[in-house]
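Structure at a glance
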Amino acid sequence: MKVLITGGAGFIGSHVVRLFVNKYPNSQIYNLDKLTYAGNLANLSDIENKPNYTFIKGDIVDAGFINKLFEEHKFNAVIHLAAESHVDRSIADPLAFVFTNVIGTVNLLNAAKEQFKKDNASFKRFYHVSTDEVYGTLGDMGLFTETTAYDPHSPYSASKASSDHFVRAYFDTYKLPAVISNCSNNYGPYHFPEKLIPLCINNIKNNKPLPIYGKGENVRDWLFVEDHARAIDVIFHKAQDGSTYNIGGHNEWTNIDVIRLLCRIMDKKLNRAEGTNEKLITFVKDRAGHDLRYAIDSTKLQNELEWKPSLQFEEGLTKTVEWYLNNEEWLNNVTSGAYANYYEGQYVKR
Ligand SMILES: NC(=O)c1ccc[n+]([C@@H]2O[C@H](COP(=O)([O-])OP(=O)(O)OC[C@H]3O[C@@H](n4cnc5c(N)ncnc54)[C@H](O)[C@@H]3O)[C@@H](O)[C@H]2O)c1
């Protein structure tokens, strides 16, 4: 199998690439990534020299480049994670999200469709990795299921919803063997420190304020990133063409409670008196269009494909804190911007 993974230098993508490279030594894994601010090849330093791994720098928005890449490599499958992924950035610059998340996805679908048309049997799967944010927001009760109507509220979720619709349309229209999964919020190692949990870990470490939107009442369903990567592996290998799976941890927390737990874990890890870190919490003006609650029903995935999350939240969060404290160099290189110059084990001047 020649598997093209897009966005493999990002947070979730790097975990998926690592899992596939290590677990499937007879498959060739190609990581296509533009290396935007969110892409960091140091996330993959442990597997970059494996014989079944190849990195390709490129932009999914460039249709000519994508078509040539498919003609050259004749991939058997695609796992598509490349995206602009930060809601705040989508509010500041929606068009960047349309280019990568919508047009980039359609470019990949077109190239896969052409290959599938030429050689039906050789193209096995187009796996589109999406988010629960396409479903909009919940009140106090209820869960998102695979049949919940789409109701995106941010430019990010609108662009992901649009890409999901295109993937389904290519299955319905061209019979392209596509699957989609919609996952809840991830946390874990290699998370770029602009997102809530790694941002707060970094700020606690440096005794800086912990900015919490509004009153911190927004609820998210948190899943450890390696559990997401395992779910992607299971769905990639076992799901029926045209199917959709929700992935989530049945693990709902308000933002303020997540940060309070993080503060307690880090009080202990940093030998600070209990309650020290909580004093850093600072409430800031709420994000525009901020969805109140996301919660995923992943029963279908658990029953049909026998996946379940492996970690309790406190365990996963402790593991994540330990990773950030033990990987100071990674964190410093990301916060200083040096990570952009990482190349095969070294930070080179360009
Ligand atoms: N982070 C979450 O909690 C979460 C939850 C559910 C679904 N998702 C989805 O999972 C996927 C990965 O999310 P993430 O958090 O790892 O994102 P990320 O921002 O950490 O990584 C995205 C990667 O895509 C690359 N990329 C961006 N634009 C590109 C382009 N035009 N061409 C090629 N590569 C490009 C970036 O360089 C980066 O390496 C996204 O599709 C996202 O919508 C994320």
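On a predicted model such as this, the values are computed, not experimentally measured, just so you know. (Residues numbered from 1 in each chain as written. Predicted model: local features only at pLDDT ≥ 70, side-chain atom pairs only at ≥ 80, totals over all residues. Heavy atoms only, no water.)

1. Overview of the environment of Met266
This is how the line gets drawn: Working definition: helices are DSSP H or I runs of at least four residues, strands are E runs of at least two. Numbering for both runs from the N terminus. Accessible area is worked out with a 1.4 Å probe on protein chains only. A residue is then buried under 20% of its type maximum, exposed over 50%, and partly exposed in between. We call two residues in contact when some of their heavy atoms are within 4.5 Å.
Inspection of the secondary structure puts Met266 in helix α8 (residues 255–269). Judged by relative accessible area, Met266 falls into the buried class, the value being 0%. In the structure, Met266 is positioned 125 residues away from Met141 in sequence and 32 Å away in space, judged by C-alpha atoms. The residues touching Met266, leaving out its near neighbours within four places in the chain, are Ile201, Ile204, Lys205, Asn277, Val321 and Leu325.

2. Quick notes on the site of the ligand
Note the following rule: If even one non-hydrogen atom of a residue comes within 4 Å of a molecule or strand, that residue is called near it. Polar contact is defined as a pair of N or O atoms within 3.5 Å, subject to the rule that within protein one atom must be able to donate a hydrogen and the other to accept it, and that residues adjacent in sequence are counted only when both atoms are side-chain atoms. In these tables, accessible area is a Shrake-Rupley quantity obtained with a 1.4 Å probe, and a residue counts as shielded only by the protein chains included in the view.
Residues in contact with the ligand amount to 29 residues; listed here are only the nearest, Ile12, Asp33, Ser85, Tyr156 and Lys160. Within the contact set of the ligand, an oxygen atom lies 3.5 Å away from a backbone nitrogen or oxygen of Leu35. If the ligand stood free it would expose 840 Å²; the protein chains cover 96% of that surface. Contributions of two or more residues to the shell around the ligand are made by α1 (11–23), β5 (125–131) and α5 (155–174). If one sorts the elements of the shell around the ligand by residue count, β5 sits on top with three residues.

3. Observations regarding helix α7 (residues 225–238)
Three or four residues apart is the spacing at which side chains of an α-helix point the same way, because the helix has 3.6 residues per turn. This is how it is decided: One fewer than the residue count of a helix, multiplied by 1.5 Å, yields its expected span.
Between its first and last C-alpha, α7 extends 20 Å over 14 residues, near the 20 Å set by a 1.5 Å rise per residue. Counted residue by residue, α7 has 10 buried out of 14 residues, so it is predominantly covered. Within the sequence span of α7, burial applies to Val225, Asp227, His228, Ala229, Ala231, Ile232, Asp233, Val234, Ile235 and Phe236.

4. Things to note about the packing of helix α6 (residues 196–205) against α8
As a reminder of what qualifies: Helix axes are fitted to C-alpha atoms over the stretch in contact, other axes to C-alpha atoms as well, and angles between N-to-C directions run from 0 to 180 degrees. For classification, angles of less than 35 degrees are called roughly parallel, those exceeding 145 degrees roughly antiparallel, those between 65 and 115 degrees roughly perpendicular, and all remaining angles oblique. Crossing handedness is read from the near helix: turned anticlockwise from the far helix by less than a right angle, it gives a left-handed crossing, and turned clockwise, a right-handed one. When residues are sorted by character, Ala, Val, Leu, Ile, Met, Phe, Trp, Tyr, Cys and Pro go into the nonpolar class, Asp, Glu, Lys and Arg into the charged class, and all the rest, Gly among them, into the polar class.
Two elements in contact, α6 and α8, have axes separated by 11 Å at closest approach and are oriented at 40°. Between α6 and α8, the angle is such that the two are oblique. For the element pair α6 and α8, the recorded crossing hand is right-handed. Each of Leu196, Ile197, Cys200, Ile201, Ile204 and Lys205 in α6 lies in contact with α8, whose residues at this interface are Asn255, Val258, Ile259, Leu262, Cys263 and Met266. Taken together, the residues of the contact of α6 with α8 sort by class into 10 nonpolar, one polar and one charged.

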